[in-house]
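Okay, here's what each chain looks like letter by letter:
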Amino acid sequence: RLGIFLRMLPRENRYARVMLAGEDLVVFREGLAARCTYRDVFVQQRVWGSVLTEERFYGFWMRTLLAPVKSKPKTKKKGGQKNSGGQNTSDEEGFSQVITRGSWSDEDRLFELAVGDSGTAGAIYLNENENRSTTIKVGLDGAFNPRVQVGGSIFSPEIRNLDPYSEEGRLHPSWMDAPAHSMYLHRGTRLDGLLKDDYPWRISVQNGMIPKTGKIGWIVDIERSDGDRGKEFNRICDGCSSTIYKVWHKCTECDEFDFCSKCVVHAEDTHNHKFEAIT
Ligand SMILES: [Zn+2]
Ligand SMILES: [Zn+2]
């Protein structure tokens, strides 16, 4: 058997051959067989001698959420210790719960997946105020399309014999299989991301530069919305590729460079020029 590792290119049904962890694998390891999916693909062969560097942040930057996240400092589990999983899902003392396999910081708000992995990247039970908490989940489905849940239950519906209060239970990807009419699940595509603007939420997942990582990755914005986006400019943001509404930030030094109101906040790191705000 041969092992050929492919990277999806930014066009439908295009792939490039890559090395795995710096190694050109020709023999297929037995252990990988279970993770295989069989498909017909056309391969664009990259000429050896130039190694493709991984310039993508593989995961999500939770740039805008319904409220600032204040999570409880994570207590480290000792190896082998069984997770007793308290029965308490409500937030204590105004804290939000953040569940992820990787690390989390309230300031950076990055959910990272292992390169090539799919599934739940992270879940937040967001404490907005003393009366309201909202579930937010993000992840990639089996074909690497972004999925977002806003509202609904923090629990995944089909977890077999897992403890529903455990991290594994709540990170189980079965929430992505909600029926098409679900009002909580939002499906994006691998190429175009997601943009839904409807009462009560505006949900956007777009590829863009994540200043903290210096790499391109999925940028997530979740805000309350009355469905009114405001004035639309015939402009695409050069930071996150979304259409610009309400305020158009135009670079005063470049001929054609525009930012939306979210990307202009980080202009110092991404495009350090003077901007003019046009309404
Ligand atoms: Zn933008
Ligand atoms: Zn400029």
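Calculation criteria
- Residues numbered from 1 in each chain as written.
- Chains lettered and ligands numbered in written order.
- Predicted model: local features only at pLDDT ≥ 70, side-chain atom pairs only at ≥ 80, totals over all residues.
- Heavy atoms only, no water.
- Donors = N, O, S within 2.8 Å, 3.2 Å for Na, K, Ca; no water.
- Tetrahedral: all angles 85-135°; square planar, octahedral: opposite > 155°, others 65-115°.
- Helix = DSSP H or I, 4+ residues; strand = E, 2+ residues; numbered from the N terminus.
- Buried < 20%, exposed > 50% of the residue type's maximum accessible area, 1.4 Å probe, protein only.
- Salt bridge = Lys/Arg side-chain N within 4 Å of Asp/Glu carboxyl O.

Asker: Got a minute to help me understand the coordination of the zinc ion (ligand 2) in this structure?
Answerer: Working reference: metal with six octahedral donors, ideal angles 90 or 180 degrees; metal with four tetrahedral donors, ideal angle 109.5 degrees. Distances from the zinc ion (ligand 2) to its protein donors, Cys 251 (SG), Cys 254 (SG), His 271 (NE2) and His 273 (ND1), fall within 2.0 to 2.3 Å. Coordination at the zinc ion (ligand 2) is tetrahedral, judged from the 4 donor atoms that bind it and the angles of 98 to 119 degrees they form at the metal. Site description for the zinc ion (ligand 2): donor spacing in sequence, C-x2-C-x16-H-x1-H. Of this pair, Cys 254 sits in the loop between β16 (248-251) and β17 (258-259) while His 273 sits in the loop between α2 (267-270) and β18 (275-278), and the two are 19 residues apart along the sequence. Overall, the relative accessible area of 31% leaves His 273 in the partly exposed class.

Asker: How should the pattern of salt bridges be read in this particular structure?
Answerer: Close approach of charged atoms lets side chains of opposite charge pair. Under the criterion given, the structure shown has 10 salt bridges. Measuring nitrogen to oxygen at the nearest pair gives 2.9 Å for the salt bridge that ties Arg 63 to Asp 221. Here Asp 221 lies in strand β13 (residues 215-224) and Arg 63 lies in strand β4 (residues 56-64), a separation of 158 residues in the sequence. Judged by relative accessible area, which is 9%, Arg 63 ranks as buried. As a salt-bridge pair, Lys 262 and Glu 223 come within 3.3 Å of each other at their nearest N and O atoms. Here Glu 223 lies in strand β13 and Lys 262 lies in the loop between β17 and α2, a separation of 39 residues in the sequence. Residue class for Glu 223 comes out partly exposed when judged on its relative accessible area of 23%.

Spatial relationships are all this shows, so hold off on functional conclusions.
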